[in-house]
Amino acid sequence: MRLLTHNMLSCNIKGVSNGFPLRLEAEKWVEKEVELNADFLRGIFPKIEWKALAGAARAIGYDQLPDEADASMLDSDDFLRRFHHALLELHVEEGALVCPETGRRFPINKGIPNMLLHEDEV
């Protein structure tokens, strides 16, 4: 699971009002090289919840993202490389996503987060 995916997921358990961001508990992750596409990064940047991305990156040991970011930083090649690496090249293979409100754990196996809800959570 890429951190891009993590940034788009939330806990949808019935009655949960604070289901984002999910806390990332990574047990295994890998780096997979992907060609940098600056236009894609500039286009996706406004859709990214930055604090969630930076926090997830730190959870797997990548501390090269600033705590806050704004669109003016997209002019920096160094910032684009770091943003690209965190967003698209870090893949969580095993671990869990944890709802910030209920503590419900959603497992990540072989890079796929299982966000299926139990019958009583729907």
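Residues numbered from 1 in each chain as written. Predicted model: local features only at pLDDT ≥ 70, side-chain atom pairs only at ≥ 80, totals over all residues. Heavy atoms only, no water.

Colleague: Go over helix 4 (residues 77–89) with me, naming the residues and quoting the values.
Modeller: Buried residues of helix 4: Phe79, Leu80, Phe83, His84, His85, Ala86, Leu87, Leu88 and Glu89, and no others. Turning to helix 4, the residues buried within the fold contact helix 1 (3–8), strand 1 (23–31), helix 2 (38–44), helix 3 (50–59) and strand 2 (90–98). (Buried < 20%, exposed > 50% of the residue type's maximum accessible area, 1.4 Å probe, protein only. Helix = DSSP H or I, 4+ residues; strand = E, 2+ residues; numbered from the N terminus. Contact = heavy atoms within 4.5 Å.)

Colleague: Describe the packing of aromatic side chains, listing the residues and the values that go with them.
Modeller: For any pair of aromatic rings, the description rests on two quantities: the centre-to-centre distance and the angle between the ring planes. Within the structure shown, the criterion is met by 6 aromatic pairs. Taking 5.9 Å as the distance between ring centres and 50° as the angle between the ring planes, the aromatic pair formed by Phe45 and Trp50 counts as tilted. Like Phe45, the residue Trp50 is buried in the burial classification. The structure contains a cluster of three or more aromatic residues connected by ring pairs, namely Phe45, Trp50, Phe79 and Phe83. (Phe/Tyr/Trp six-rings, centres within 6.5 Å; stacked < 30°, edge-to-face > 60°.)

Colleague: Please provide a residue-by-residue account of unusual backbone geometry, values included.
Modeller: Residues Phe20 and Pro21 are joined by a peptide bond in cis, for which omega reads -5°. Residue position: Pro21 is located in the loop between helix 1 and strand 1. Phi at Lys110 is positive, roughly 55°, even though this residue is not glycine. By the secondary structure assignment, Lys110 is in the loop between strand 3 (105–109) and strand 4 (112–113). The exposure class of Lys110 is exposed, given its relative accessible area of 71%.

Colleague: So what about the pattern of salt bridges? Which residues, and what values?
Modeller: All told, the structure shown has 7 salt bridges when counted by the stated rule. Where Arg105 meets Glu25, a salt bridge forms, and the shortest distance between an N and an O atom there is 2.1 Å. Here Glu25 lies in strand 1 and Arg105 lies in strand 3, a separation of 80 residues in the sequence. A residue is classified by how much of its surface remains accessible, and Arg105, at 43% relative accessible area, is partly exposed. On the basis of relative accessibility, which here comes to 26%, the residue Glu25 falls in the partly exposed class. With a closest N to O distance of 3.4 Å, Arg58 and Asp67 form a salt bridge. Arg58 gets classed as partly exposed once you look at its relative accessible area, which sits at 39%. Among the residues examined, Asp67 registers a relative accessible area of 53% and is labelled exposed. Salt bridges sharing common partners tie together Arg23, Glu25 and Arg105. (Salt bridge = Lys/Arg side-chain N within 4 Å of Asp/Glu carboxyl O.)

Colleague: Could you give an account of the side chain of Arg104, with specific residues and numbers?
Modeller: Structurally, the position occupied by Arg104 is in the loop between strand 2 and strand 3. Take Arg104: its relative accessible area is 15%, and that puts it in the buried class. Here His118 takes part through its side chain, which lies 3.2 Å from a polar atom of the side chain of Arg104. Not counting chain neighbours up to four residues away, the residues in contact with Arg104 comprise Ile13, Leu97, Val98, Cys99, Leu116, Leu117, His118 and Glu121. (Polar contact = N/O pair within 3.5 Å; in protein donor to acceptor, adjacent residues only side chain to side chain.)

Colleague: For the sheet that holds strand 4, give the residues involved together with the corresponding values.
Modeller: Read across the open sheet, the 4 strands follow the order 1-2-3-4; overall the sheet is antiparallel. Lying at the two open borders of the sheet, with one neighbouring strand each, are strand 1 and strand 4. Looking at chain direction, strand 3 and strand 4 are connected through 2 bridges and run antiparallel. Looking at strand 4, one finds that Asn109 is bridged to Ile112. Across the sheet, helix 4 lies against strand 1 and strand 2, angled at about 65° from strand 2, the strand it touches most. (Pairing = 2+ DSSP bridges. Axes fitted to C-alpha atoms, helices over the stretch in contact; angles between N-to-C directions.)

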